[in-house]
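# Secondary and tertiary structure notes
One letter stands for each residue in the lines below.
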Amino acid sequence: MEFKFSNTTCQCLRKAACQVQNQEQTQEVRLPEGIPDIGRVLGCWGQTLIRSKEWRTGGMTVSGGVMAWALYAPEDGSEPRSVETWIPFQLKWDFPETQRDGFICVTPMLKALDARGTSARKLMVRACVSLLGEALEPVEPEIYSAQNPPEDVQLLSSSYPMELPREAGEKLFQVDEELTLPGTYPNMEKILRYEVTPQIADQKVMAGRLVFRGQCAVHILYAAADGSIHGWDTEVPFSQYTDLDRDYGPNATAWVIPMLTGLELIREEQHLQLKCGVAAQYVIYDRAAVEIVEDAYSPQRSVKPETQELKLPARLDQRQDPLRISQTLDLQGGKIMDVCFYPDQPVRRQEGDTAEVTLAGHFQILYRDDAGTIQGLSARCEKSCAFASDPGNRVDAYVRPTGQPQASVTPQGVELTAECLLESTVFSEQGLPMVTCLELGEVKEPDPARPSLILRRAGDCRLWDIARECGSTVDAIRAANGLEEEPERGRLLLIPVL
């Protein structure tokens, strides 16, 4: 006889893809008329923008570009000039065909950027973008449960509290702000480069709404009327909300990662108009108690459970580690005019029960040497963070800059530092054995020769295993021995045989 379990579905999201892809693109830039020929290239900076994301059959596509600025010293010895260009890119991820379209989450990084002069009037700009692309697919795994099982059938049921990803989306918004250069700074003559880093300060799920706030960290490098170069940092705060698909309880949490979709800075004398588009990508996690039957038997007949593995994308842990990345350069007597830091995508390694996350990147600096000549320099660096993690789990890591990089003079030279937040999320990839139905034999008459009571010492086995082996039940053993939990090792147990 077959006893079938009833089933319900659990709506959640699973990752159909989670992969870093790199792409290198080059762009030839001709100097505009009216500016002098190229002497030396001093440096190159950029800002990554994501224009579109498309879910395709069996994959996804992300398109965007890099706003790049190349600074060069003219051949005629005049003040440095900046040339701006746009370097487009498109990246594709392939994964098995899904039942429904899902959500694409992108974390872009600018892995490398440089420029060189190919002639007196031409620059070749090279950009290497690194994108972590994640495809979140809506799924409905089936969870089986026993409704009104036969009285003689014993079921081993377990309840697992889990944090599951329930929904994902993004909030698009515009930041439009007038910026005024403080009076303590020299007047601005030309903008040489600028960058904007959106940062999330906090987020909260309030019933059917996600509320978050943060700021856009703005860095501007400009030239004054006398040709001197200066950097200015400021912040533009924002506060946003978006409606969710359903209401959540107090245990729901959100993971929010922002990216830029557009950027423009317009100068009008000493006033600047900043316009940028921001996409706040989010995933909502909610707690759920998942109850399943893991095993079954009967003291009175044969029971053959049929099982299948239940895999749920449960979030086990989330941690944030502040990282201070530094590099010391032997620059004695020079003056640093500008510092920027470009982090790579974090690299994850698993060694035994330890997960190690390494963050590498490079500093780009602009300085004036002892002779008063402007120079550019790039320096690589890395930092690692290790923590305990089961090898059967998956660790996803993300880096978030938390401030502008700094340069300070030390006895060893110039120390460059960048403050980042390394966010590591641990997901379970281990399935749970789940009973889906039972094949029941005929009820047998008890053997009159068998004992009605067995004495046995508790060892490493669970009460469930002892009861199954001896033809008893967990409830009967607990009642006979006054137990509420598992017995201590070595205790003598009375086992009623049913």
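Structure report, in brief. (Residues numbered from 1 in each chain as written. Predicted model: local features only at pLDDT ≥ 70, side-chain atom pairs only at ≥ 80, totals over all residues. Heavy atoms only, no water.)

## Some points on the overall build of the chain
Check the secondary structure of the chain and you find two helices and 27 strands. Here the C-alpha atoms of the chain give a radius of gyration of 31 Å, more than 25% beyond the 23 Å that 2.2 N^0.38 yields for 498 residues. Projected onto the principal axes, the alpha-carbon positions of the chain cover approximately 110 × 50 × 40 Å. Put simply, the chain has 498 residues, and 51% of those count as buried. Sequence separation of at least 24 residues holds for 77% of the intrachain contacts in the chain that already meet a minimum separation of 6. Accessible surface, the chain as shown: approximately 24000 Å² in total, 44% of it carbon and sulfur. Charge-centre separation for the chain: the mean point of 50 positive side chains lies 2 Å from the mean point of 73 negative side chains. (Helix = DSSP H or I, 4+ residues; strand = E, 2+ residues; numbered from the N terminus. Rg over C-alpha atoms; globule rule 2.2 N^0.38 Å. Buried < 20%, exposed > 50% of the residue type's maximum accessible area, 1.4 Å probe, protein only. Contact = heavy atoms within 4.5 Å. Areas by Shrake-Rupley, 256 points an atom, 1.4 Å probe, with all protein chains shown as cover. Lys, Arg positive; Asp, Glu negative; His and termini not counted. Charge placed at Lys NZ, Arg CZ, Asp CG, Glu CD.)

## Details of the sheet that holds strand 12 (residues 209-223)
Sheet architecture is open: three strands sit in the order 11-12-13, paired in antiparallel fashion. A single partner strand is all that each edge strand has here, and the edge strands are strand 11 (190-206) and strand 13 (229-243). Along the sheet, successive strands turn relative to each other by an average axial angle of 15°, direction set aside. Here strand 11 runs beside strand 12; their pairing, made up of 15 bridges, is antiparallel. Among the inter-strand pairings, Ile-191 is bridged to a residue of strand 12, identified as Tyr-222. (Pairing = 2+ DSSP bridges. Axes fitted to C-alpha atoms, helices over the stretch in contact; angles between N-to-C directions.)

## Notes on the packing of aromatic side chains
Pairs of aromatic rings are described using the distance from one ring centre to the other and the angle between the two planes. Under the definition given, this model contains nine aromatic pairs. Where Trp-69 meets Tyr-194, the ring centres are 4.9 Å apart and the plane angle is 55°; that geometry is what we call tilted. Of this pair, Trp-69 sits in strand 5 (residues 59-74) while Tyr-194 sits in strand 11; the two residues are 125 residues apart in sequence, bridging distant segments of the chain. Following the ring pairs from residue to residue traces out a cluster consisting of Phe-173, Phe-212 and Phe-238. Sitting above the plane of the Tyr-241 ring, Lys-171 keeps its charged end 6.0 Å from the centroid. Between the NZ or CZ atom of Arg-315 and the centre of the ring of Tyr-285, over which it lies, the distance is 3.9 Å. (Phe/Tyr/Trp six-rings, centres within 6.5 Å; stacked < 30°, edge-to-face > 60°. Lys NZ or Arg CZ within 6 Å of the ring centre and 35° of its normal.)

## Overview of the pattern of salt bridges
One pass over the full model with this rule turns up 29 salt bridges. For Arg-213, the salt bridge is made with Asp-202, and the minimal N-O distance between the two is 2.7 Å. With Arg-213 in strand 12 and Asp-202 in strand 11, this residue pair connects regions lying 11 residues apart in the sequence. Note on Arg-213: relative accessible area 44%, which makes it partly exposed. (Salt bridge = Lys/Arg side-chain N within 4 Å of Asp/Glu carboxyl O.)

## A look at helix 1 (residues 463-470)
Within the sequence span of helix 1, burial applies to Leu-463, Trp-464, Ile-466, Ala-467 and Cys-470. All buried residues of helix 1 project into a common sector of 165° when viewed along the axis, lining one side. Residues of helix 1 that are buried sit in contact with strand 10 (154-180), strand 15 (271-297), strand 26 (453-457), helix 2 (474-481) and strand 27 (492-496). At the C-terminal side of helix 1, Gly-471 shows a positive phi close to 75°. (Arc of directions from axis to C-beta.)

## Things to note about a negative patch on the surface
On the surface, Asp-176, Glu-177, Glu-178, Glu-268 and Glu-269 cluster together into a patch of negative charge. Here the element with the most residues in the negative patch is strand 10; it accounts for three residues. (Patch = residues over 30% accessible without salt bridge, like charges linked within 9 Å, V, L, I, M, F, W, Y side chains within 5 Å.)

## As for helix 2
Those residues of helix 2 that fall on the buried side of the exposure criterion are Val-474, Ala-476, Ile-477 and Asn-481. One side of helix 2 carries all its buried residues, which in axial view fall inside an arc of 165°. Exposed residues on helix 2 whose side chains face more than 90 degrees from its buried face are Asp-475 and Ala-479. For helix 2, the secondary structure elements touched by its buried residues are strand 15, helix 1 and strand 27. Gly-482 sits one or two residues past helix 2 and shows a positive phi near 65°.

## Digging into the environment of Arg-30
Positionally, Arg-30 belongs in strand 3 (residues 12-30). Judged by relative accessible area, Arg-30 falls into the exposed class, the value being 59%. Aside from chain neighbours lying at most four places away, what touches Arg-30 is Arg-121 and Lys-122.

## Observations concerning the sheet that holds strand 14 (residues 253-268)
Strand order across the open sheet formed by three strands is 10-15-14, with antiparallel pairing between neighbours. The sheet is open, and its two borders are formed by strand 10 and strand 14, each paired with just one other strand. Strand-to-strand twist of the sheet, defined as the mean angle between neighbouring strand axes without regard to direction, takes the value 5°. Bridge analysis of strand 10 against strand 15 gives 26 bridges, and the strand direction is antiparallel. Paired with Met-162 across the bridge in strand 15 is Ala-288. In the packing of helix 1 onto the sheet, the strands contacted are strand 10 and strand 15, and the crossing angle to strand 15 comes to about 30°.

Bear in mind that shape data such as this cannot, by itself, settle questions of function.
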